[in-house]
Each structure stands twice: as structure tokens, then as C-alpha cells.
Amino acid sequence: MDITALTTYLIAITLLTITPGVDTMLVIRNTARGGWRDGAVSSFGICSGLFVHAVISAVGISVILLQAAWAFSALKLAGAGYLVWLGLSSWRKVLRRESFEIVNGGPARMETLRIGRSLREGFLSNVLNPKTAVFYMAFLPQFINPAHSALVQSLLLAGLHFVIAMIWQCLLALMVKQLKGWLQRPRVNQWFDGVTGTVMIALGLRVAA
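The model shown is predicted, which means the values in this text are computed figures rather than measured ones. (Residues numbered from 1 in each chain as written. Predicted model: local features only at pLDDT ≥ 70, side-chain atom pairs only at ≥ 80, totals over all residues. Heavy atoms only, no water.)

Asks: What am I meant to see in the environment of Pro130 here?
Replies: Within the element layout of this structure, Pro130 appears in helix H7 (residues 130–139). When the C-alpha atoms of Pro130 and Ala78 are compared, they prove to be 9.3 Å apart, with 52 residues separating the residues in sequence. (Helix = DSSP H or I, 4+ residues; strand = E, 2+ residues; numbered from the N terminus.)

Asks: Would you explain the packing of aromatic side chains in this entry?
Replies: Aromatic ring pairs are described here by two measures, namely the spacing of the ring centres and the angle between the planes. This structure, assessed with the given rule, holds two aromatic pairs. Note on Phe44 and Phe162: the rings are 5.8 Å apart at their centroids and 90° apart in plane angle, and the pair reads as edge-to-face. On the criterion of sequence distance, the pair formed by Phe44 in helix H3 (residues 36–59) and Phe162 in helix H8 (residues 150–178) is long-range, its members being 118 residues apart. Note on Phe44: relative accessible area 40%, which makes it partly exposed. Here Phe51 and Phe162 contribute two aromatic rings whose centre-to-centre distance is 5.8 Å and whose plane-to-plane angle is 35°, an arrangement assigned as tilted. Residue Phe51 is found in helix H3, and its partner Phe162 is found in helix H8; the two are separated by 111 residues along the sequence. (Phe/Tyr/Trp six-rings, centres within 6.5 Å; stacked < 30°, edge-to-face > 60°. Buried < 20%, exposed > 50% of the residue type's maximum accessible area, 1.4 Å probe, protein only.)

Asks: How should a nonpolar patch on the surface be read in this particular structure?
Replies: Together, Trp36, Val163, Ile167, Leu171 and Leu174 make up an exposed nonpolar region whose accessible area comes to about 440 Å². Relative to the assigned elements, Trp36 resides in helix H3. On the basis of relative accessible area, Trp36 is assigned to the partly exposed category, the value being 32%. (Patch = residues over 30% accessible without salt bridge, like charges linked within 9 Å, V, L, I, M, F, W, Y side chains within 5 Å. Areas by Shrake-Rupley, 256 points an atom, 1.4 Å probe, with all protein chains shown as cover. Salt bridge = Lys/Arg side-chain N within 4 Å of Asp/Glu carboxyl O.)

Asks: Looking at this structure, how should I read the confidence of the model for the protein?
Replies: The predicted coordinates ought not to be read in detail in places where the model reports low pLDDT. Averaged over the protein, the pLDDT score is 78; the fraction of residues at 70 or greater is 78%. Here helix H4 (residues 61–67) stands out as the element of the protein with the lowest mean pLDDT, 58, in contrast to helix H6 (residues 115–127), whose mean of 92 is the highest. Confidence drops under pLDDT 50 across residues 98–107; counting only partners more than four residues distant or on other chains, this segment forms 10 contacts. (pLDDT = per-residue confidence, 0-100. Contact = heavy atoms within 4.5 Å.)

Asks: Explain the side chain of Ser118 here, please?
Replies: Note that Ser118 resides in helix H6. In terms of polar contacts, Ser118 uses its side chain to reach the side chain of Asp38, at 2.5 Å. With sequence-adjacent residues up to four places away left out, Ser118 is seen in contact with Arg33, Asp38, Val41, Ser42 and Leu113. (Polar contact = N/O pair within 3.5 Å; in protein donor to acceptor, adjacent residues only side chain to side chain.)

Asks: Please clarify how the pattern of salt bridges should be interpreted in this entry.
Replies: A pair can form between side chains of opposite charge whenever their charged atoms are brought close. The final tally for this structure, using the stated rule, is three salt bridges. The partner of Glu121 in a salt bridge is Arg29, and the shortest N-O contact between them spans 3.6 Å. Pair noted here: Glu121 is in helix H6 and Arg29 is in helix H2 (residues 22–34), with a separation of 92 residues, a long-range link. Side by side, Glu121 and Arg29 carry an identical accessibility label, which is buried. As a salt-bridge pair, Asp38 and Arg33 come within 3.0 Å of each other at their nearest N and O atoms. Under the relative-accessibility criterion, Asp38 is labelled buried at 0%.

Asks: Explain the nonpolar core to me, please; I cannot follow it from the model alone.
Replies: One broad rule of soluble globular proteins: the nonpolar side chains tend to lie buried together. With 19 residues, the main nonpolar core has Tyr9, Cys47, Tyr136, Leu140, Phe143 and Leu157 as its most contacted residues. Contributions of two or more residues to this core are made by helix H1 (3–18), H3, H7 and H8. Here this core gets six residues from one element, more than from any other, and that element is H8. Contacts of Cys47, omitting those with residues within four sequence positions, involve Phe162, Ala165, Met166 and Gln169. (Core = buried A, V, L, I, M, F, W, Y, C linked by side-chain atoms within 4.5 Å.)

Asks: Hey, could you run me through the packing of H3 against H8 in this one?
Replies: Packed helix pairs are characterised by how far apart their axes lie and by the angle those axes make with each other. With their axes 8 Å apart at the nearest point, H3 and H8 run at an angle of 160° to one another. When the interaxial angle is binned, H3 and H8 end up roughly antiparallel. The chirality of how H3 crosses H8 is right-handed. Split into classes, the residues belonging to the contact of H3 with H8 amount to 20 nonpolar, seven polar and one charged. (Axes fitted to C-alpha atoms, helices over the stretch in contact; angles between N-to-C directions. Parallel < 35°, antiparallel > 145°, perpendicular 65-115°, else oblique. Left-handed = near helix turned anticlockwise from the far one by under 90°. Nonpolar A, V, L, I, M, F, W, Y, C, P; charged D, E, K, R; others polar.)

Pasting the structure below:
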């Protein structure tokens, strides 16, 4: 890949990464839930999912998905369902914290980091995200040289995306961490969970539609 093509790819990938979406909301939500480490681990899970999209694009399954309406619809519905589930999880926390505040009157505490949960949420959020899938299917092949291994090139491009996304999302988690004291106030915490939960449900319904 020449320098012009590489620059174009890096600009496009950076814009995709910093544009607010499902990944952004998940990192913010999980950082508020368990601190910077929760957000960073979730980001690692999200970015690991990029390699799945790269492999799919390289082996040509993208062509099957784009030509078979039922397969693409299934992918969209799976991703939509997972987003709605995450949103409902946030709303369940809102309802529980309401009771906690009334009974105890104390500040909300951040949850203990559960690495497996954060990795799973991040990974599934990315793998089931049609936006990322379509982007990789339509965009990544433009930077593949047919004279060389498509799989190796796709993985290298995904690796660049991995680095950019990890840097951005960890910085985002750090910014959220600085607001930790404010976010830990019971009413603010409930409001925040309610907003992020609502946005995730809305994103899921939009994807499904």
C-alpha cells in the first residue's frame, strides 16, 4: 500500500472511531459502572472484534452477506437484540439504585471489575455491530493488493484500527473517570444509566428497523 492509500485509510478509520456510536456508549457506560479499568477492558474487547470483521472480509463471506438478504438481516437483528439487552440492563440498574437510595441514603458505589463480563460485552458489541461489519466489507477490500495475501493485509489493517481505537477509547474512559465523583452521586448515576440505556435501546431499534 502506498503512502496516499495508507493516509486515506488512517483518516477514514480515525473518523469512524471517534464518531459517537455503540462502542462509544458502551465504553462510557462501563467506565461509569466500574472505573477506568472497566472501560479499558471493554475497549480491548471491542477492538478485538475488529479482527473478526477483517477475517470475514478477507475470506469473502462479506460477498455472501451482501447478496443474501436473509443473512444480512440475521446479522442486523442479532446486533440489535444485543444492544437492546444492554440498554435494558442499564435500566434494571436504575430501578435497583432507586431502591438503594431510598433505603440507605448513601452514595452509589462503582461495581467490582469483572474482566470476563467487560471483554464479552465489548467483543459482542463490536462483532454484532452492522455498522462496523458493512464498513469493513465495503471499505477494507479497497486497500487489499490482489498480488499478496488478502488475509494478512486485512489483519494488518485491522491492527492499525485496533491501535487507533484503543487509544481513543482509553482516553475517553479516562475523561469519564475524571468525572467519577460527579457520576457517583445517586441521582446523577441513575440519570446517566437511564440515558445510556435509552440510547442503546434506541440504537438497537434503529438497527433492527
